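Notes for the structure review
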Amino acid sequence: MLAERLAVALADEERHRQLVAAQLAGPRASARLLAALPVVGVLLGVALGADALRLLLHTPWGLACLCAAVGLDVLGLLWTERLAASATRAGG
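Overview of the structure. Please read these numbers as outputs of a predicted model, since none were measured by experiment. (Residues numbered from 1 in each chain as written. Predicted model: local features only at pLDDT ≥ 70, side-chain atom pairs only at ≥ 80, totals over all residues. Heavy atoms only, no water.)

Here we take up the pattern of salt bridges. With the rule as written, the count across this model stands at five salt bridges. Notably, a salt bridge pairs Arg-17 with Glu-14, separated by 2.5 Å at the nearest N-O pair. Pair noted here: Arg-17 and Glu-14 are both in helix 1 (residues 2–47), with a separation of three residues, about one helical turn. Looking at Glu-14, the relative accessible area reads 31%, which means it is partly exposed. Measuring nitrogen to oxygen at the nearest pair gives 3.5 Å for the salt bridge that ties Glu-81 to Arg-32. Of this pair, Glu-81 sits in helix 3 (residues 60–91) while Arg-32 is found in helix 1, placing the two residues 49 residues apart along the sequence. (Salt bridge = Lys/Arg side-chain N within 4 Å of Asp/Glu carboxyl O. Helix = DSSP H or I, 4+ residues; strand = E, 2+ residues; numbered from the N terminus. Buried < 20%, exposed > 50% of the residue type's maximum accessible area, 1.4 Å probe, protein only.)

Structure, rendered in structure tokens:
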């Protein structure tokens, strides 16, 4: 009897964990897509003939913008993962 209740409780907990993970898949994917968009923008600029890479890599302001963009992208991804982990812990 106790073993059956334990098995049911564990199955419910696993089902809930899977539900939370499925609900968090969308926000995680959106964060990754948003983090990749600046790279796509630079590549699109290069394809259209803009000298974006020279600007970003060979000028002080460009390097500052590049470093800030990479830092903010990384922080955004870490923040999203931390929020998702927090939601997973709170749900379990």
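Taking 1.5 Å as the rise per residue, helix 1 with 46 residues should run 68 Å; its terminal C-alpha atoms sit 66 Å apart, in good agreement. The largest bend along helix 1 reaches roughly 30 degrees and is located at Ala-25, with the proline Pro-27 sitting one to four residues downstream. The complete set of buried residues in helix 1 reads Val-20, Leu-24, Ala-31, Ala-35 and Gly-45. Gly-49 sits one or two residues past helix 1 and shows a positive phi near 100 degrees. (Expected span 1.5 Å × (residues − 1). Bend = angle between axes of the 7 residues up to and from the residue.)

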